[in-house]
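Remarks on the overall topology
Listed here are the chains, written in short residue letters.
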Amino acid sequence: MRRILLTCFGLAAVTDLVSLAAGWGAAHTVAKPLLMPLLAAYCAVRGAPRLLLAALLLGWGGDVLLLSDAEPAFLAGMTSFAAGHVCYLALFKTYGSPRARAGLLVPAYATALVATVVLLWPDLPADLRVPVAGYSVLLTAMACASAVRFGLVAGLGGALFLLSDTLIASGVAGWPQLPRPDLWIMLTYIAAQFLLASGTLRALEARPEPTTTYGEMRSTTP
């Protein structure tokens, strides 16, 4: 079942990316909403904690909402993703522990956050400035925590999520874009969610099994 679900996720991802590269809007509309439910199902089969499943399904909510170009849908989608980042933060705090690299990564991510918000602020629509800034704080905190608490694979996923959403924000601000910007946004986003999920599962599976304490041993004796 794991392989089937992972294969289905891979096929949906390839279909979505090819459709964006070829300009097939209808195929993208069908494939995009399948991505996160398939990834969540794969993680569930592997015994993932509920916080990871919630984060992925909130990402699915954001994916569906952002299929619309309307501003209310954009704000609702951003809210859904923000709730997903809160789930990721709770996941990292619950199951992870700070590592030595925190002293380097925290200042680096904080600097990137301030620089991005300062640069984007003048070009964002006035009614989106505060929501985008608040969302950026949550996103950056999630990206930093993924690396600090869960290691390289999850950390790379967090960094790609930050890149993906920065590409979206630069488009909203009207900055020059790469050809086929939606393709690069989805490529980095799909990779981000997959690496966050994979890194989480690896980190949890690598945790040592709890050992039986002396008190527990005594409690089993008559």
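Residues numbered from 1 in each chain as written. Predicted model: local features only at pLDDT ≥ 70, side-chain atom pairs only at ≥ 80, totals over all residues. Heavy atoms only, no water.

Quick word on the overall build of the chain
A tally of helices and strands in the chain yields nine helices and zero strands. Mapped from its N terminus to its C terminus, the chain presents α and β elements in the order α-α-α-α-α-α-α-α-α. By principal-axis analysis of the C-alpha atoms, the chain measures approximately 70 × 40 × 25 Å. Looking at the 222 residues of the chain, the share that counts as buried comes to 42%. A separation of at least 24 residues holds for 74% of the contacts in the chain among residues at least 6 apart in sequence. A total accessible area of about 11600 Å² is found for the chain, and carbon and sulfur atoms account for 70% of it. (Helix = DSSP H or I, 4+ residues; strand = E, 2+ residues; numbered from the N terminus. Buried < 20%, exposed > 50% of the residue type's maximum accessible area, 1.4 Å probe, protein only. Contact = heavy atoms within 4.5 Å. Areas by Shrake-Rupley, 256 points an atom, 1.4 Å probe, with all protein chains shown as cover.)

Quick look at the packing of aromatic side chains
Per the counting criterion, the structure on display carries six aromatic pairs. Seen in terms of ring centroids, Phe9 and Phe194 are 6.0 Å apart; in terms of plane orientation they differ by 15 degrees. Their pairing is stacked. Note that Phe9 is positioned in helix H1 (residues 2-22) and Phe194 in helix H8 (residues 181-205), a separation of 185 residues in sequence. Ring geometry for Tyr88 versus Phe92: centroids 5.8 Å apart, planes at 20 degrees, classification stacked. Taken as a pair, Tyr88 and Phe92 lie in helix H4 (residues 71-95) at a separation of four residues, close to a single helical turn. Overall, the relative accessible area of 1% leaves Tyr88 in the buried class. Given a relative accessible area of 0%, Phe92 falls into the buried group. Site record: aromatic cluster; members linked through ring pairs are Phe81, Phe161 and Tyr189. (Phe/Tyr/Trp six-rings, centres within 6.5 Å; stacked < 30°, edge-to-face > 60°.)

Structural notes on helix H3 (residues 50-65)
Taking 1.5 Å per residue as the helical rise, H3 with its 16 residues ought to reach 22 Å, and the 22 Å between its terminal C-alpha atoms agrees with that figure. Taken residue by residue, H3 has Leu52, Leu53, Ala55, Leu56, Gly59, Gly61, Gly62 and Asp63 as its buried positions. If you follow the buried residues of H3, they end up packed against helix H2 (25-45), H4 and H8. (Expected span 1.5 Å × (residues − 1).)

Regarding a nonpolar patch on the surface
Where nonpolar side chains cluster on the molecular surface, the patch consists of Leu57, Trp60, Val64 and Leu67 and spans about 310 Å² of accessible area. Residue placement: Leu67 occurs in the loop between H3 and H4. (Patch = residues over 30% accessible without salt bridge, like charges linked within 9 Å, V, L, I, M, F, W, Y side chains within 5 Å. Salt bridge = Lys/Arg side-chain N within 4 Å of Asp/Glu carboxyl O.)

Looking at the environment of Leu51
As for its position among the elements, Leu51 is in helix H3. Excluding residues within four positions of it along the chain, Leu51 makes contact with Cys87, Ala90, Leu91 and Thr94.

Section: the confidence of the model for the chain
Residues of the chain with pLDDT of at least 70 account for 93%, and the chain-wide mean is 92. The least confident element of the chain is helix H9 (residues 214-219), whose mean pLDDT is 43; the most confident is H3, at 98. Predicted confidence is poor over residues 211-222, with pLDDT under 50, and the contacts of this stretch with residues over four places away or in other chains come to two contacts. (pLDDT = per-residue confidence, 0-100.)

Remarks on the environment of Leu162
Positionally, Leu162 belongs in helix H7 (residues 152-172). Each C-alpha atom of the pair Leu162 and Thr188 lies 9.0 Å from the other, and the pair is 26 residues apart in sequence. Dropping the residues within four chain positions of it, Leu162 is found in contact with Tyr109, Leu139, Thr140 and Ala143.

Here we look at the side chain of Asp63
As for its position among the elements, Asp63 is in helix H3. Here Asp63 is buried and forms no salt bridge, its nearest opposite-charge partner Lys32 lying at an N-O distance of 4.6 Å. A polar atom in the side chain of Asp63 sits 3.0 Å from the side chain of Tyr189. Those residues in contact with Asp63, other than ones at most four positions away along the chain, are Lys32, Met36, Phe81 and Tyr189. (Lys, Arg positive; Asp, Glu negative; His and termini not counted. Polar contact = N/O pair within 3.5 Å; in protein donor to acceptor, adjacent residues only side chain to side chain.)

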